[in-house]
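# Close look at the chain arrangement
So you can see what is in the structure, the chains are spelled out below.
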Amino acid sequence: MDLHLNAPYCMGTIVGVTYDDGVVLGADSRMTIGMLVANDSVSDKITQLTDKVYICRSGPAAVLEFVSDYVRNILDQQTIQFGQPATVKATANLVRLFSYKNTNAIQMGQMGMIVGGWDKYEGGQIFAVAQGGTILKLPYAIDGSGSSGIEGFLDRAWKEGMSKDKAEKLVVKAVSLAIASDAASGGAVRTVTINSDGVRKNCYPPDSLPLCDDKRRRTKTKKTTTTRTERRIDAPKP
Amino acid sequence: MEASLIVDNGATERTLNPYVTGTSVIGMKYKDGVIFAADTGGSYGSTLRYKSVERIKPIGKHSILGASGEISDFQEILRYLDELILNDNMWDDGNSLGPKEIHNYLTRVMYNRRNKFDPLFNSLVVGGVKNGQKYLGMVSMIGTHFEDNHVATGFGNHLARPLLRAEWREDLSFEEAVKLMEKCLLVLLYRDRSAINKFQIAKITEEGVTISQPYALKTNWGFSAFQNPSKGAEGSW
């Protein structure tokens, strides 16, 4: 069986949603080289570009790490020139430019990014920069190999004007569901919440994630579901 | 695939693959001006991924532009046109670029890119009214361009234009034009797999541009044959 070990490092699932006061960005933490899981724990796919604008990266890791460094460099200079941090839209446009100009270059692979942040002009905004360089301002966006499985879930679950906690729970649930059905997504769920007050990062380790299994039984009469007592096979007995 | 040391010369030959694409746009002249319609879908291959993509935009004071094909290239074309209109305005000479000029500009852009083997992957429909003259034209990704009373891109060419050839008249009122347009859109909805039921109608007259809010068409599934299609021939559909 070909394990495709010459493939570029690739990345799993990213989500970005707006809520009443700002945005919540979320991602899994798995990096794969073909069939091999290179890393399931330390990758942080949500990278800072300016004080209050972050980018979620999905696709070939090396390329995207370069994109965020490159864009951050330009934005640092812009911040010095203008005396104030760049807007979300300007940041997203730089990311778009990189994606658009380099679509046809080799080794690009499936590159999808979500730029999310808060600025004083338009508040919280999410921009999806899709494969090829299409930029779309959306109330919520998902990308990455694991995103196709949760399209329907997010369409149903996202509501206008959610509170911060609800939005964060939604993002965690969405990424957990993606992890459950996508082999290239896994590990922890990291979230970054950005609003007028600032930026807050969270990490939800794998065993704290809601269980997403096709054998869940939920009946209206039972108060607790069977999943509450299920334990992972390799977890040590308390 | 083996990772080989390919040195990219740049301008030799590039096969462009479109990623996020829009489907048909239909345009026609009517009594007071020009009317366009398109759905608001952005497909990613066979996935109907984005459902709120505006594919018809006003250009300057006198024109509207609709595009099918790669959305990122359409967005880039809008930027080029933005610069064009801005420079035109800066002359401040009382003159402004009309649809015929925009059409010509776009033709040059598309054709020149095609000659460099680096096409913009779009089919464009441009129309408008200037000084009482209505104009409607189309440019393809290789630079083929023409004017007509009604135009369409993609599937619209095959499904909508025959309808338009049969039923279009010079003096259609706006309501009649919308009805004819919706007739074409409905056929496209039934028969084009990338079409979604969320359309925008744009009209441009001497007064200006109006682009409607997205709305859905009513489809008809009330045929008795649809209820039990295998009746009388079990195992068939």
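Each remark here, short or long, concerns the structure printed above.
From a predicted model like this one, the values you see are computed outputs, not experimental measurements. (Residues numbered from 1 in each chain as written. Chains lettered and ligands numbered in written order. Predicted model: local features only at pLDDT ≥ 70, side-chain atom pairs only at ≥ 80, totals over all residues. Heavy atoms only, no water.)

## Description of the overall build of chain B
- Summing up its helical and strand segments, chain B has 5 helices and 13 strands in all.
- Each principal axis of the C-alpha atoms in chain B carries an extent, and together these give about 70 × 60 × 25 Å.
- Per-residue burial for chain B yields a buried fraction of 45% across its 237 residues.
- Long-range contacts, defined as pairs at least 24 residues apart, comprise 63% of the intrachain contacts of chain B with a sequence gap of at least 6.
- Accessible surface, chain B as shown: approximately 12800 Å² in total, 52% of it carbon and sulfur.
- Both charge centroids of chain B, one from 27 positive and one from 28 negative side chains, sit 5 Å from each other. (Helix = DSSP H or I, 4+ residues; strand = E, 2+ residues; numbered from the N terminus. Buried < 20%, exposed > 50% of the residue type's maximum accessible area, 1.4 Å probe, protein only. Contact = heavy atoms within 4.5 Å. Areas by Shrake-Rupley, 256 points an atom, 1.4 Å probe, with all protein chains shown as cover. Lys, Arg positive; Asp, Glu negative; His and termini not counted. Charge placed at Lys NZ, Arg CZ, Asp CG, Glu CD.)

## Some remarks on the overall build of chain A
- In terms of helices and strands, chain A carries 4 helices and 13 strands.
- Here chain A holds 238 residues, and 48% of them are scored as buried.
- In the structure as shown, chain A presents an accessible area of about 12300 Å², 53% of it carried by carbon and sulfur atoms.

## Thoughts on the nonpolar core
Residues and elements named next belong to chain B.
- The biggest cluster of nonpolar side chains holds 22 residues, and the ones touching the most others in it are Ile-26, Met-28, Ile-35, Leu-172, Met-181, Leu-185 and Ile-201.
- Counting only elements with at least two residues in this core, the list comes to strand 2 (25-29), strand 3 (33-39), helix 3 (155-167), helix 4 (174-191) and strand 12 (199-205).
- Every residue in contact with Leu-172, bar those within four places of it in the chain, is listed here: Met-28, Tyr-30, Lys-31, Ala-177 and Leu-180. (Core = buried A, V, L, I, M, F, W, Y, C linked by side-chain atoms within 4.5 Å.)

## Quick notes on the side chain of Arg161(B)
Residues and elements named next belong to chain B.
- Relative to the helices and strands, Arg-161 resides in helix 3.
- Only 2.9 Å separates the side chain of Arg-161 from the side chain of Asp-148, close enough to count as a polar contact.
- Leaving out residues up to four positions away in the same chain, Arg-161 has contacts with Phe-146, Asp-148, His-150, Val-151, Ala-152 and Gly-156. (Polar contact = N/O pair within 3.5 Å; in protein donor to acceptor, adjacent residues only side chain to side chain.)

## Regarding unusual backbone geometry
All names here are of chain B.
- Of note in this structure, Asp-92 is not a glycine but carries a positive phi near 50°.
- Among the structural elements, Asp-92 can be located in the loop between helix 1 (71-91) and helix 2 (99-115).
- Despite not being glycine, Asn-131 shows a phi value in the positive range, around 50°.
- For Asn-131, the location among the structural elements is in the loop between strand 8 (122-130) and strand 9 (133-139).

## Details of the pattern of salt bridges
- According to the stated counting rule, one finds 18 salt bridges over all chains in the structure shown.
- In this structure, Glu168(A) engages Arg200(A) in a salt bridge whose closest nitrogen and oxygen atoms are separated by 3.2 Å. Taken as a pair, Glu168(A) in helix 4 (residues 164-181) and Arg200(A) in strand 13 (residues 198-204) lie far apart in primary sequence, 32 residues in all.
- The shortest N-O distance in the salt bridge between Arg113(B) and Asp118(B) comes to 3.4 Å.
- In this structure Asp118(B) comes out as buried when scored by relative accessible area, which is 19%.
- Three or more residues joined by partner-sharing salt bridges are found here, namely Arg96(A), Lys101(A) and Glu76(B). (Salt bridge = Lys/Arg side-chain N within 4 Å of Asp/Glu carboxyl O.)

## Description of the sheet that holds strand 11 (residues 140-144) of chain A
Residues and elements named next belong to chain A.
- Ordered by their spatial adjacency, 5 strands build an open sheet running 11-2-3-12-13, and the pairing between neighbours is antiparallel. Edge positions in the sheet fall to strand 11 and strand 13, since each has one partner strand and no second. On average, each strand axis in the sheet is tilted by 10° relative to the strand beside it, whichever way the strands run.
- Alignment of strand 2 (residues 13-18) against strand 11, held across 5 bridges, turns out to be antiparallel. When the sheet's bridge partners are listed, Val-15 is paired in strand 11 with Ile-142.
- Each of strand 2, strand 3 (22-27), strand 12 (189-195) and strand 13 touches helix 4; the most contacted strand, strand 12, lies at about 150° to it. (Pairing = 2+ DSSP bridges. Axes fitted to C-alpha atoms, helices over the stretch in contact; angles between N-to-C directions.)

## Details of the side chain of Asp143(A)
- When you line up the elements, Asp143(A) lands in strand 11.
- Since its relative accessible area comes to 9%, Asp143(A) is described here as buried.
- Within the local environment of Asp143(A), its side chain forms a polar contact with the side chain of Arg49(B), the two groups lying 3.1 Å apart.
- What Asp143(A) contacts, discounting residues up to four positions off in sequence, is Gly12(A), Thr13(A), Ile14(A), Ser58(A), Gly112(A), Met113(A), Ile114(A), Val129(A), Ala130(A) and Arg49(B).

## What to know about a nonpolar patch on the surface
- A surface patch of nonpolar side chains, about 560 Å² in accessible area, is lined by Met1(A), Leu3(A), Leu5(A), Met35(A) and Leu36(A).
- For Leu3(A), a relative accessible area of 35% gives the class partly exposed. (Patch = residues over 30% accessible without salt bridge, like charges linked within 9 Å, V, L, I, M, F, W, Y side chains within 5 Å.)

## A look at the pairing of strand 7 (residues 63-70) of chain B
Residues and elements named next belong to chain B.
- Along strand 7, 8 of the 8 residues are buried, which leaves the element largely enclosed by surrounding structure.
- Across 2 bridges, strand 1 (residues 20-22) lies against strand 7 in antiparallel orientation. Across the sheet, Gly-22 pairs through a bridge with Gly-69, a residue of strand 7.
- Examined bridge by bridge, strand 6 (residues 56-59) and strand 7 share 4 bridges and lie antiparallel to one another. Bridging across to strand 7, Ile-59 finds its partner in Ser-63.
- In this antiparallel pair of consecutive strands, strand 6 and strand 7, the connection spans 3 residues, and Gly-60 shows a positive phi of 60°.

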